[in-house]
Amino acid sequence: MQASRARLFKEYKEVQREKSADPDIQLICDDSNIFKWTALIKGPSETPYEGGVFQLAFAIPEQYPLLPPQVRFLTKIFHPNVHFKTGEICLDILKNAWSPAWTLQSVSRAIIALMAHPEPDSPLNCDSGNLLRSGDIRGYQSMACMYTRLAAMPKKDGGNPGFSMVCL
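Definitions and cut-offs
Residues numbered from 1 in each chain as written. Predicted model: local features only at pLDDT ≥ 70, side-chain atom pairs only at ≥ 80, totals over all residues. Heavy atoms only, no water. Pairing = 2+ DSSP bridges. Helix = DSSP H or I, 4+ residues; strand = E, 2+ residues; numbered from the N terminus. Axes fitted to C-alpha atoms, helices over the stretch in contact; angles between N-to-C directions. Contact = heavy atoms within 4.5 Å. Salt bridge = Lys/Arg side-chain N within 4 Å of Asp/Glu carboxyl O. Buried < 20%, exposed > 50% of the residue type's maximum accessible area, 1.4 Å probe, protein only.

Naming follows an unreviewed UniProt entry, where the protein appears as E2 ubiquitin-conjugating enzyme of Miscanthus lutarioriparius.

Structure, rendered in structure tokens:
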């Protein structure tokens, strides 16, 4: 447990030192528990998630970095590799392809890459996966864009979602 605390403290210092290094990711450590982090990630450009800001929750095991963190979306997202209700993420590096070389920052970057390049053959959201597998790209993008507008974009006019964005 001491090694994991040292590693997390090192990552915390790097995040503080390089806040502007990656403008798409903001990592925040819980003030009272170094094993709980959140991240705010920007939706990748030229995707239905563009313009959205998505919140992730990190639960880090005491055996970190030997074991991967548990990461889930707190912001609702329509994506084949994210469970719509729980926010669970299907990503190999969070399961069997984990390496201690990964950091919370690089995990966040991998999740942004997954948002831009979904894997519909291993869906946690079957509706989303089925749209992509059947070739209904427009249907998938429309649904993903709608949920991005509703859940991940700043609200305008006292709580009404901003609908200025044009979906693909």
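So that's the structure; there's more coming.
Participant: Sorry if this is basic, but what is going on with the sheet that holds strand E2 (residues 33–42) here?
Facilitator: Strands pair in a sheet through their backbones, by hydrogen bonds, and they do so in one of two ways: parallel or antiparallel. Taken in spatial order, the four strands of this open sheet run E1-E2-E3-E4, and their pairing is antiparallel. Pairing within the sheet leaves two strands with one partner each, and these edge strands are strand E1 (25–30) and strand E4 (70–73). On average, each strand axis in the sheet is inclined to that of its neighbour by 25°, with strand direction left out of account. Here E2 runs beside strand E3 (residues 53–59); their pairing, made up of seven bridges, is antiparallel. The residue of E3 that forms the bridge with Trp37 is Phe58. Packed onto the sheet, helix H1 (residues 2–17) meets E1 and E2 and runs at close to 35° relative to E2.

Participant: How do you make sense of the pattern of salt bridges when you look at a structure like this?
Facilitator: Counted under the stated rule, the structure contains three salt bridges. Glu11 is the salt-bridge partner of Arg7, the closest N and O atoms lying 2.8 Å from each other. With Arg7 and Glu11 both in helix H1, this residue pair falls four residues apart, about one helical turn. Judged by relative accessible area, which is 5%, Glu11 ranks as buried. For the salt bridge of Arg109 with Asp22, the shortest nitrogen-to-oxygen distance reads 2.7 Å. Residue Arg109 is found in helix H2 (residues 104–116), and its partner Asp22 is found in the loop between H1 and E1; the two are separated by 87 residues along the sequence. Looking at Arg109, the relative accessible area reads 32%, which means it is partly exposed.

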